[in-house]
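# Descriptive structure summary
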Amino acid sequence: MRDAVENILTFDAAATTAARRDDPRALTLRDVSLTVGDKALVHGANLTLNAEGITMIMGPNGAGKSLLLKLAHGLTPATGGQVLWGDTPLDDTARRTQAMVFQKPVVLRRSVAANVDFALRARGIRDAARRDALLDHVGLLGHARQPARLLSGGEQQRLALARALALKPKVMLLDEPTASLDPASVLKIEEIVQEAHSAGTKIIFVTHDPGQAGRLADDIVFVHRGRVHEHGPADLFLSRPETQEARDFLQGRIVV
Ligand SMILES: Nc1ncnc2c1ncn2[C@@H]1O[C@H](COP(=O)(O)OP(=O)(O)OP(=O)(O)O)[C@@H](O)[C@H]1O
């Protein structure tokens, strides 16, 4: 089973190790800013993420978590500073090796199977066996012929994950993919994410939920008012956050 999973998930890169500075899964933000009109939304973010591990981004509503993810992936271009993957500035080549998953799943108005076929064709692949293996992996093989729009919210998110995994991404950026899902769906999605991580994909995952961070995170980035406030090992952040804002956030106090 493990071999089969790795076969459909593992990306095709030559061997990479966390220690290599040029590993394309390692993110560096150098003084990254985003200003829209006269509004500074992200202020000089500096951050280095290892090529390996699950990094979770936490912070209150409106803190800039989604923006940080979009800046890292280039969906929103930075207005200042530099985004590097490995030692290379972000470009289309790097972006094509990454997949982004949103809170509201993106599904096409066609069958479940055709949604995955579409993602595979984007990589020039027509392979029904691989499509079925991906659908099986996310627990949707039984729904293959059904219109994707009729899936439940949790199922649609698993389909979005299958489409992302079809790309064999080196990096997966997930923006609150389990928000508003029931606990069983949350656990299934966490399992799929962990399996992708075990197969070598770097995971960067936005969450509000300290419980989820405790289950998944190796390291946590805490964002507040468009600034990176803290970054450190998950167990340390969750038990002994350095800043008052992070303590308030973790204790469920309203942080503005
Ligand atoms: N394109 C934009 N133009 C202007 N303001 C924006 C734009 N995108 C985001 N913002 C603002 O930037 C701030 C940070 O937004 P972001 O979506 O990153 O927050 P977040 O931490 O992900 O919040 P939430 O947890 O509520 O999703 C918010 O105040 C938001 O309104």
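Predicted, not measured: the structure shown is a model, and the values here were computed from it. (Residues numbered from 1 in each chain as written. Predicted model: local features only at pLDDT ≥ 70, side-chain atom pairs only at ≥ 80, totals over all residues.)

### A closer look at the overall build of the chain
- A count of helical and extended segments in the chain gives 10 helices and 10 strands.
- For a compact globule of 256 residues, the expected C-alpha radius of gyration is about 18 Å, and the chain comes in at 18 Å, within 12% of that figure.
- Seen through its principal axes, the chain has C-alpha atoms that stretch 50 × 40 × 40 Å.
- Sorting the 256 residues of the chain into buried and exposed places 39% on the buried side.
- Counting only contacts in the chain whose residues sit at least 6 apart along the sequence, the fraction spanning at least 24 positions is 68%. (Helix = DSSP H or I, 4+ residues; strand = E, 2+ residues; numbered from the N terminus. Rg over C-alpha atoms; globule rule 2.2 N^0.38 Å. Buried ≥ 20, exposed ≤ 12 C-beta atoms within 10 Å, placed from the backbone. Contact = placed C-beta atoms within 7 Å.)

### Description of the pairing of strand β3 (residues 54-58)
- Counted residue by residue, β3 has 5 buried out of 5 residues, so it is predominantly covered.
- As paired elements, β3 and strand β8 (residues 202-206) share 4 bridges and run parallel to each other. Along β8, the bridge assignment pairs Ile54 with Ile203.
- Direction of pairing for β3 relative to strand β9 (residues 219-224): parallel, over a ladder of 4 bridges. Bridge pairing links Met58 to Phe222 in β9. (Pairing = 2+ DSSP bridges.)

### What about helix α4 (residues 112-121)?
- Val112, Ala113, Asn115, Val116, Asp117 and Ala119 are the residues of α4 that are buried.
- Buried residues in α4 make contact with α5 (128-137) and α6 (153-166).

### A word on the sheet that holds β9
- Strands sit in the order β6-β7-β8-β3-β9-β10 across an open sheet of 6 strands; the sheet is mixed. The open sheet has two free edges, formed respectively by β6 (98-101) and β10 (227-233), since each of these has just one partner strand. On average, each strand axis in the sheet is inclined to that of its neighbour by 15°, with strand direction left out of account.
- Across 6 bridges, β9 lies against β10 in antiparallel orientation. Within β10, the position partnered with His224 by the bridge is Arg227.
- The strands touched by helix α7 (residues 183-198) are β3, β7 (171-175) and β8; relative to β8, the strand with the most contacts, the crossing angle is about 150°. (Axes fitted to C-alpha atoms, helices over the stretch in contact; angles between N-to-C directions.)

### Quick notes on the site of the ligand
- If you check the shell around the ligand, you find Val36, Lys39, Leu41, Gly59, Asn61, Gly62, Ala63, Gly64, Lys65, Ser66 and Leu67 and nothing else.
- The set of elements that each furnish at least two residues to the shell around the ligand consists of β2 (39-49) and α2 (65-73).
- Ranked by the residues each element gives to the shell around the ligand, the list is headed by α2, at 3 residues. (Near = placed C-beta within 6 Å.)

### Quick look at the confidence of the model for the chain
- Across the chain, the average pLDDT comes to 91, with 91% of residues at or above 70.
- Model confidence for the chain, summarised as mean pLDDT per element, is weakest for helix α1 (residues 2-9) at 55 and strongest for β3 at 98. (pLDDT = per-residue confidence, 0-100.)

### So, α6
- Spanning 14 residues, α6 covers 20 Å between terminal C-alpha atoms, matching the ideal 20 Å at 1.5 Å per step.
- Counted residue by residue, α6 has 12 buried out of 14 residues, so it is predominantly covered.
- Every buried residue of α6 is accounted for by Glu155, Gln156, Gln157, Arg158, Leu159, Ala160, Leu161, Ala162, Arg163, Ala164, Leu165 and Ala166.
- Phi turns positive one or two residues past the end of α6, at Lys168, with a value near 45°. (Expected span 1.5 Å × (residues − 1).)

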